[in-house]
Structures are given as structure tokens and as C-alpha cells.
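# Analysis of the macromolecular model
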Amino acid sequence: MQPGKNRLLTALVGLVCTAAAPAQETRNAERTAGYHDHARLGQELRALVERAGPRATLDVLARTSAGREVWLLSLADTGPRPPEDRQAVLLVGGVSGNDPTGSAVCLGLARQLVDALGDEDHDLHDLLASRQVYVVPRLNPDGCERFFGDVWHAQPHNARATDHDRDGVVNEDGVNDLDGDGIISVMRIPDPHGTWLADPDHPRLMKPADPVEGLRGTHRLELEGLDDDADGHRNEDGAGGVDLDRNWPHFFAPGNSQHGQYQLSEPENRGLATFVADHPQITLALLYGLHDNLIDVPKGKTRGPDGQSYRDLHPDDVARYQHIAKAFKEQTGLTGSDGSNPEGALFAWLYSQRAITTFAIRPWWPLDRKPEPASQPTTQPDASPDTETAEDGDDAKPKPEKDGGKRDRKKTDENKPSDDPLGRRVTGSKWLAWADASGRPDAFRTWTAFEHPSLGAVELGGFAPFVQTAAPAAELPDLVTAQATFLAHASALLPAVEARPPVTDELGADLWRVELTLVNTGYLPTHTAIAGHTRQPALVVRPELPAERIVGGQRAQRIDRLAGSGGAADVQWLIRGKAGDTFSLNVYQRALGSIKVPVRLSAGNGGTP
Ligand SMILES: [Ca+2]
Ligand SMILES: [Ca+2]
Ligand SMILES: [Ca+2]
Ligand SMILES: [Ca+2]
């Protein structure tokens, strides 16, 4: 194939697309209905802030390489504490460019939060009155904008210009919509040395060759495209640079241009990282995306090569996550996920390095739905095992994944999409059954013959891009409602430090014992296991008195941790003073805020003024 011929063909494809512009507009409007592109997202956020008045602000967290703004919506209602002295909750969506649902759910939650401002009957009102809420509905606007483009090609990356094949030219050879249908399909190329074959159980799908099982490959797979720069490779360096969910410092895997040149190399991630570092009050984060740590709670067993850091959860936080996961499943009805990979992922950094309780949520999972739940009786107390396989398509249920990365391949491969993005487009019998059952003929393209300019006879087919990550628009409101329920629940679990009335005893002439008991009435401890592991600062209590009046006890007493659900600790001092003297005890922790406890030296009233 001559490069000149390639260019001519690309130009012809371009002409076809231009001529079909009105039809294309209709097609784009139909397939992205219910979703907001960047411009509409901005309009909606500005409208929300206008409606919220002084209780909301919209800031720019970062500017992308394509010049788009990454927005941050801050919300707080009037409450007992000023917003800057409250714990804060962070919501993030749109980290992956191939995930329209997460961003849409995050925006839906922002709408509900604005609705809840000033409305004491709203389920989210307590959250707004007791916490500061930050919403980043779309961390990766460049990547997410591809969903609204003329040609559908789902990829997680942002738009950083990256020379993926290191040939000195950037973005020179991306995919090509050869048949002009507005979708980048999978090419199935006959090849006796190929590593794929038609799945004997699901002939429309493909299966990896397996010499052990005697399954011989008959095809190889590639994305629809040409060798635009005639370097002997097809589609090796298209538009799209770094996967923002592989660019965070926790277990960052270097040496892959899609992960970024170095940790936090991307402006979107740097903007958010700086914001999080500058706001230690953030104690809870909910991420709406493609990862999950609530359907399959990690076991917390894996450490990194240094033997120090935990790959996912600290083992002593696992039981608490499991407890919360039970409520999550009940409240959202979600029963499945693709698992998660913490390497370089945002959720893993927030938890492991910032010690923020972080929930990674995949808000849409149409497989394994009630009344045909997956076989998870321990987490689905109301699910009847009898209803299991009836409507779920053409094969037996797989076992639920026990541990994200270590699933039983033999049992799950038929139903679970492959870890390889190309493999995901041609495997997953449950997704196929879902597409058939929900009347989505557009979701899977049956293999159709195509004469490729250089490869000859190939076939185009496979799952359409975004099918597994863009919830049908009609389902979005229910997804938001379910997540709003869990958001209200989760944000009420945060630690809440309260001071019991201080006790003062007169021990002798002008000498007093002052004792303060602090109680954590929240569910979560003041310091989770990961907070202890990463040495987050202790609670510090100090009497506001000149040093010479404190004759016993540390001037600043530290409490390393208060357990959740009523955990308590005492601190005491010997103080010089006279009956009737008053002063304050200051309780402070940078994430939990401060409490000022008034004290009056008095033998008769227990120390309370
Ligand atoms: Ca290149
Ligand atoms: Ca196509
Ligand atoms: Ca090439
Ligand atoms: Ca090249």
C-alpha cells in the first residue's frame, strides 16, 4: 500500500463524512441524548451556581492541553460550623474519556445538591449543612468530549499530544472509519497464526486461542484503520495521550507513554492533586467511574515491592469497607463490576497516600440485575437463588469475582470482558445477552465482510464503543437517585469528635486537676488504618493558658486515634488557678477541624461554666 493511496482514501472517507453531515448530526444527537458535552456542562454548572447563590462557587481547577477548563463546584449550606472548619466531601467523575456515565451521574448529583440547599426536607440537606462539598464532574473534559465526536472511538486518554511509537511524529496514525458508519469497529482478519477464534459457545463473539484446551487461533484482531504513515503498523499513534487514571503516584507504572512521562504529568491531575493537598479537610471521596471497591471489596493483602505500602486497602480497614459495602449494595441495587486496578489510579492515591476514605463506584452495571442477581447470597439477603439463570441469556452464571485481579479465568472469560481493550470489544456473552434483551441492535455489530485496501477481505464487527460505559439516557435519573442515597449515607459516617463537659477538681491551694473526655460519635474512626500507616497528625488538645500555669501534663496532649461508634479518650492537666477562673481547651486536627471547650475552675459544677 502506497502512502499516497492511503491519504487519498482517507480524503475520500472525509468527503463521504462531509456530505453526510446532517445525517451525522442526527446520529450524534441520538446516540448522546441525555449527556452533556463540554459546552453544555459549562452552561449547566453556571446555571446551578446562579441558582445556588452565595452558597456555591464555580472555580477552574486546571486547563487541559486542548484549552478546556476543568471545573470545580463548591457547595455548603449554612450550618453549626463555618464551611472552612468542616470536614469536606469530594465527588469526582469523568476521569476516563471512555466513561460518559460517571460524569453524568456526578453532574446529576450536583443538581440534587443544589436542589437540597435551603431545603431541610431534602435527603442531602444534612450533608450540605454539616460538610463542605466539592464536585469535579469531569476531570478529563478532552477525553470525555470524544463521546460527542463524529466518529465513535472510546479511549480513556486525555488529548495530550504523545508520540506513542517514538517515531518523532505525533498523532500521525490513528484509527480510520473506513466504512463511514461513524464507528470504529473491530477488524477480524483471517490468520492461521492468529490468537483469536470464533467462540464455539457464542458464535458472534470471539475467544482467545488456548493451546492447552486445543483451541487454535484463526483470526487476529485490530481496530478499523490504515497504516496512515506507511511505517508498517496500523493505528499505532492516534490522537489521545495519557490515561489520567494511570498517572497518579500510587503504584505508578512507568515506561508506558499512555501512563504519562512521570507521575502527575498531566495538568488535570496536577490541578486536582494540588487542590486535595491544599484541602486536608477532605475526609471522604466518592469517585464515579470504571473502578470499584464496594461490590468487590479488596482483601487488603497485597503489598508493594517495598514491603511497606498496601496495593489497595489496609487490611485493618477491610471490615469497615465491607460493612459500608453492604449498605451500598442495598441502597444502589448494584451487584456487579469489572473490578479495579489501583495502579496509578486516582482512587488509590486518595486512599493510600492521602488517607482519605475513598469509594470507587461504577454507577451503571446492567448485568446481574435483580431479579436475576449474581450468586452473592451473603450480600443479597433478599435475592432468591431460584431466579438466577432464567432470563440471563444463553449460559450459566459465572461466579462473582472474589478479588478484582485474581478471578478464575476459566469460569469467567465467557462472560467477563477481557482486560485488553480490544478484547473487550469482542468478548462478554452477558453483555451480548443484555444487548439482545434490551433491544439494542446497535450495541453489537455482527461481523460483516469488508474489503480492506491493504489487507483484502476482512470483517468488521464487535461491540460498539461506549456500549458498556454509557448507560441508556432513560436510566440516568435512577442511577443518580441511587447514588444520592448512598452519598447521604456515606457522608453521615464520618468521624464526629465531641467533648464531654470538662471536669475540674481542686487538689490544694490554687492547684487544679482538669480532665477532658473526647468522644467520637461518628461511625468511622478519627484515623483509619491507612491514616495511621501514613502517619496523619493526631488530635491535639491544648489549654489556652500561659505555660507557667500548666504544672502537670503536656502542654499539647495528643490523641492518636478515637475509634468509631463511641470511641473515647481522656486527657488531663494540673493547672494553677483560682476558683472561678475561666479559659478554653482547644481541640484541633487539620482534617476534623477545631473545637473550643470552655472551662471554669470550680469544685461545685464539674468544671462547666
Ligand atoms: Ca508517532
Ligand atoms: Ca466504521
Ligand atoms: Ca503507521
Ligand atoms: Ca508511526
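Scroll up to find the structure this text is about.
Below you will find a few notes about this structure.

What counts and how
Per chain, residues are indexed from 1 in the order of the written sequence. Each chain gets a letter, beginning with A, and each ligand a number, beginning with 1, in the order they are written. In keeping with the predicted nature of the model, local features appear solely for residues at pLDDT of at least 70, side-chain atom pairs appear and are counted solely at 80 or more, and the whole-chain, interface and lining totals rest on all residues. Only hydrogens and water are set aside; all other atoms, that is, all heavy atoms of the structure, feed into the side-chain values. Only the six-membered ring of Trp is used, alongside the rings of Phe and Tyr, when aromatic pairs are assigned; centres must lie within 6.5 Å, and planes under 30 degrees apart are stacked while those over 60 apart are edge-to-face, with the rest tilted. The helix count covers DSSP runs of H or I at least four residues long, the strand count covers runs of E at least two residues long, and both are numbered beginning at the N terminus. The buried label applies to any residue whose accessible area, calculated with a 1.4 Å probe on protein chains only, is under 20% of its type's maximum; exposed applies above 50%, and partly exposed to all values in between. When a carboxyl oxygen of Asp or Glu lies within 4 Å of a side-chain nitrogen of Lys or Arg, that pair is called a salt bridge. Whether two strands pair comes down to DSSP finding at least two bridges between them. For helices, the axis comes from a line fit to the C-alpha atoms of the stretch in contact; other axes are also lines fit to C-alpha atoms, and the angle between any two N-to-C directions lies between 0 and 180 degrees. We call two residues contacting when some pair of their heavy atoms lies within 4.5 Å. As a rule, N, O and S atoms within 2.8 Å of a metal are its donors, except that Na, K and Ca use 3.2 Å; water is not among the atoms, so sites may look incomplete. Metal sites are grouped by the angles between bound donors: all angles between 85 and 135 degrees with four donors is tetrahedral, opposite donors over 155 degrees apart with the others between 65 and 115 is square planar for four donors and octahedral for six, and any other pattern is irregular.

Once that is clear, we can look at the packing of aromatic side chains. Applying the stated criterion across every chain, the model contains 16 aromatic pairs. When the ring of Tyr-321 is compared with that of Tyr-351, the centres are 6.0 Å apart and the planes differ by 85°; the resulting orientation is edge-to-face. A residue pair is termed long-range when its members are at least 10 positions apart, and Tyr-321 in helix H8 (residues 318-332) and Tyr-351 in helix H9 (residues 346-352) qualify at 30 residues. The two residues Tyr-321 and Tyr-351 agree in class, both being buried. Residues Trp-431 and Trp-434 carry aromatic rings whose centres are separated by 5.6 Å and whose planes lie at 85° to one another, so their mutual orientation is edge-to-face. Here the residue Trp-431 and the residue Trp-434 both occupy positions in helix H12 (residues 429-437), the gap between them amounting to 3 residues, near one helical turn. You can call Trp-431 buried: its relative accessible area is 1%. Taken together, the ring pairs connect Tyr-35, Phe-147, Phe-148, Trp-152 and Phe-466 into an aromatic cluster.

Let us look at the pattern of salt bridges. Working definition: two side chains of opposite charge can pair if their charged atoms are close together. For the structure on display, the rule yields 24 salt bridges. Linking Arg-549 and Asp-581 is a salt bridge whose minimum nitrogen-to-oxygen distance equals 3.1 Å. Here Arg-549 is found in the loop between strand S16 (539-543) and strand S17 (550-552), whereas its partner Asp-581 is found in the loop between strand S19 (567-576) and strand S20 (582-589), with 32 residues between them in sequence. The class for Arg-549 is partly exposed, based on a relative accessible area of 22%. Salt bridges sharing partners connect three or more residues here, namely Asp-191, Arg-220, Glu-222 and Arg-234.

What follows covers the sheet that holds strand S4 (residues 132-136). As summarised here, the arrangement of the 6 strands in space is S1-S2-S4-S3-S9-S10, forming an open sheet in which the pairing is mixed. Every other strand in the sheet has two partners, leaving strand S1 (56-63) and strand S10 (357-361) as the edge strands with one partner each. On average, adjacent strands in this sheet sit at an angle of 15° to one another, irrespective of strand direction. As paired strands, strand S3 (residues 88-93) and S4 are joined by 5 bridges and run parallel to one another. Looking at S4, one finds that Ala-88 is bridged to Gln-132. Packing of helix H3 (residues 38-52) onto the sheet brings it into contact with S1 and strand S2 (69-75), and relative to S2 it is tilted by some 25°. Here helix H4 (residues 100-116) sits on the sheet in contact with S2, S3, S4 and strand S9 (282-288), set at roughly 140° to S3.

Coordination sphere of the calcium ion (ligand 1), protein contribution only: Asp-163 (OD), Asp-165 (OD), Asp-167 (OD), Val-169 (O), Glu-172 (OE), Glu-172 (OE) and Asp-237 (OD), at 2.2 to 2.6 Å. The motif formed by the donor residues of the calcium ion (ligand 1), counted along the single chain, is D-x1-D-x1-D-x1-V-x2-E-x64-D. Taken as a pair, the calcium ion (ligand 1) and the calcium ion (ligand 4) show a spacing of 4.3 Å, with Asp-165 coordinating each metal. Asp-167 sits in the partly exposed class, given a relative accessible area of 31%.

Attention shifts here to the coordination of the calcium ion (ligand 2). Protein coordination at the calcium ion (ligand 2) comes from Asp-177 (OD), Asp-179 (OD), Asp-181 (OD), Ile-183 (O), Glu-224 (OE) and Glu-224 (OE), with a distance range of 2.2 to 2.6 Å. Its 6 donor atoms give the calcium ion (ligand 2) angles of 52 to 164° at the centre, a pattern that matches the irregular case. For the calcium ion (ligand 2), all donor residues lie on one chain, and their spacing in sequence is D-x1-D-x1-D-x1-I-x40-E.

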